[in-house]
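# Tertiary structure, described
Below are the chains, spelled out letter by letter.
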Amino acid sequence: MNVIGRFAPSPTGPLHIGNLRTALIAWLCAHQQDGELLLRIEDLDRSNSKPAHEARQIDELEQLGITFGSKAIRQSERFDLYRDIVNGLRQQDLVYPCYCTRREILESTQAPQGPTIEGAYAGTCRNLSVGDRSEREQSGRPPAWRLRTNSETYVVDDLVVGPTTTVIDDMVLLRNDGVPAYNLAVVVDDAAQGVTQIVRGDDLLHGTGRHIHLQKLLGYPTPQYVHVPLVVGLDQERLAKRHGAVTLEELSQRGIGTQEVLGELARSIGSQVVQPESVNDLLDDFNLDRLPRSPWTIPSDWQTVHHDN
Ligand code: GLU
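Residues numbered from 1 in each chain as written. Predicted model: local features only at pLDDT ≥ 70, side-chain atom pairs only at ≥ 80, totals over all residues. Heavy atoms only, no water.

### Re the site of the ligand
Within the structure, the ligand sits among R6, A8, P9, S10, E42, Y182, V186, R200 and L204. The separation between an oxygen atom of the ligand and a polar side-chain atom of R6 is 2.7 Å. Y182 is positioned with one of its side-chain polar atoms (N or O) 2.7 Å from an oxygen atom of the ligand. For the ligand, the protein covers 74% of the area, taking 300 Å² as the surface of the free molecule. (Near = heavy atom within 4 Å. Polar contact = N/O pair within 3.5 Å; in protein donor to acceptor, adjacent residues only side chain to side chain. Areas by Shrake-Rupley, 256 points an atom, 1.4 Å probe, with all protein chains shown as cover.)

### Focus on the sheet that holds strand β8 (residues 172-174)
Strands pair in a sheet through their backbones, by hydrogen bonds, and they do so in one of two ways: parallel or antiparallel. The 3 strands are arranged β4-β5-β8 in an open sheet whose pairing can be described as antiparallel. A single partner strand is all that each edge strand has here, and the edge strands are β4 (95-98) and β8. Pairwise comparison of adjacent strand axes, ignoring direction, gives a mean angle of 45 degrees for this sheet. Of the pairings in the sheet, the one linking β4 to strand β5 (residues 144-147) comprises 4 bridges and is antiparallel in character. (Pairing = 2+ DSSP bridges. Helix = DSSP H or I, 4+ residues; strand = E, 2+ residues; numbered from the N terminus. Axes fitted to C-alpha atoms, helices over the stretch in contact; angles between N-to-C directions.)

### Quick word on the nonpolar core
In terms of nonpolar packing, the biggest core is built from 42 residues, with I17, L24, I25 and I66 touching the most fellow members. Of all the secondary structure elements, the ones that give two or more residues to this core are α1 (17-32), α2 (51-64), β10 (224-228), α8 (248-253) and α9 (258-268). Examining the composition of this core, we find that 10 residues originate from one element, α1, more than from any other. Every residue in contact with I66, bar those within four places of it in the chain, is listed here: L20, A23, L24, W27, L37, L61 and V279. Core analysis: the second largest hydrophobic core is formed by 19 residues, I85, V86, L89 and V95 among them. (Core = buried A, V, L, I, M, F, W, Y, C linked by side-chain atoms within 4.5 Å. Buried < 20%, exposed > 50% of the residue type's maximum accessible area, 1.4 Å probe, protein only. Contact = heavy atoms within 4.5 Å.)

### Here's the deal with the packing of helix α6 (residues 182-192) against helix α7 (residues 208-218)
In contact at an axis separation of 9 Å, α6 and α7 are set at 55 degrees when each is read in the N-to-C sense. Of the possible angle classes, the one that applies to α6 and α7 is oblique. For the pair α6 and α7, the sense of crossing is right-handed. For the pair formed by α6 and α7, the contact residues are Y182, N183, L184, V186, V187 and V188 on the first element and R210, H211, L214, Q215 and L218 on the second. (Parallel < 35°, antiparallel > 145°, perpendicular 65-115°, else oblique. Left-handed = near helix turned anticlockwise from the far one by under 90°.)

### A closer look at the sheet that holds strand β9 (residues 197-201)
In space, the 5 strands of this open sheet follow the order β3-β2-β1-β9-β10, with parallel pairing throughout. The sheet is open, and its two borders are formed by β3 (73-74) and β10, each paired with just one other strand. Its contacts with the sheet place α1 against β1 (4-7), β2 (36-41), β9 and β10, and it is angled at close to 160 degrees to β9.

### Overview of the packing of aromatic side chains
In total, this model carries 2 aromatic pairs according to the counting rule given. The interplanar angle of 50 degrees and the centroid separation of 6.5 Å between the aromatic rings of F79 and Y82 together place this pair among those described as tilted. Here the residue F79 and the residue Y82 both occupy positions in helix α3 (residues 79-91), the gap between them amounting to 3 residues, near one helical turn. Y82 matches F79 in its accessibility class, with the two residues each being buried. (Phe/Tyr/Trp six-rings, centres within 6.5 Å; stacked < 30°, edge-to-face > 60°.)

### Observations regarding the environment of W27
With respect to the helices and strands, the residue W27 is situated in helix α1. Its relative accessible area of 4% is what places W27 among the buried residues. Residues W27 and N280, spaced 253 residues apart in sequence, show a C-alpha to C-alpha distance of 9.9 Å. Setting aside residues no more than four positions away along its own chain, W27 makes contact with L37, G65, I66, T67, V279, N280 and L283.

### Some words on α7
Of all 11 residues making up α7, 8 are buried, and the element is well covered by its neighbours. Residues of α7 that are buried include every one of T208, G209, R210, H211, I212, H213, L214 and Q215, and no others. G219 occupies a position one or two residues after α7 and carries a positive phi of about 75 degrees.

### Some words on the side chain of R21
Checked against the element boundaries, R21 lands in helix α1. D202 provides the closest opposite charge to the buried, salt-bridge-free R21, at an N-O distance of 8.6 Å. In this structure the side chain of R21 is engaged in a polar contact, spanning 3.4 Å, whose partner is the backbone oxygen of P229. Beyond its immediate stretch of four places on either side in the chain, R21 contacts P229, V231, L265, S268, I269, L291 and W296. (Lys, Arg positive; Asp, Glu negative; His and termini not counted. Salt bridge = Lys/Arg side-chain N within 4 Å of Asp/Glu carboxyl O.)

None of the figures reported here should be taken as evidence of function without further support.
Okay, here's the thing in structure tokens:
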């Protein structure tokens, strides 16, 4: 079976070198197996997503030679579909309204026992008495809708990280402002696009059990997961603007062209091809086994050097 991969950026700004590296790995994984890489625009966040960012991101990917198969999806055009799915689950009593504020959730987060996930929901609104529920309804605060779960655990059989156990919680499917949650949209859209392999940053590994749970519930297949180590600055912190030249434009302003960037990215993923001219040059030699299992530190001349006065 040919691999169908996907790259799913959020169009909230230019892509940084970490995003581009993940896209490169995803492209290579798919194309090496005669597959294709599909694009998905994850623009659920309506206030920060901009068409201009989307166009720029596609341009940045093209500069590196990363192009996509035809079945692109834009999440902002699919809100009705996600809401219909939540309504279907509501009719089966698989979701419940949650009135908790962010602060209440943080304060009630259960102490971690065994494998856990960040910000796991303690289940406060799961079994509200009729009285408690109507009191909350009357407060006028609109509810978010959460999935009823039983702290199921799933082993993510990750191609890079290895088998990883993740526990799930009662995840939000529909936020209280009516916006569908990432965890729902990602699962629905991976199935809609026929995705068989998901390459993404390993900061998303801990939440993957949630996705597997939803896939089973909605009758979708579980794709193969490939979580890749993040890109960091010299301080070993996750790459951010303050680290220096972290976008193609910033690098080009320092005289570092796309070809040089591609060469650095190739080295960073364990490629032995010296001075690749295009992503195609990396295909034959690419091997996930050689991808370093620890974060990649960007070259020091890309970084901003802070001098004390
Ligand atoms: N939209 C997410 C991001 O830009 C990626 C989510 C995913 O790959 O599942 O970080």
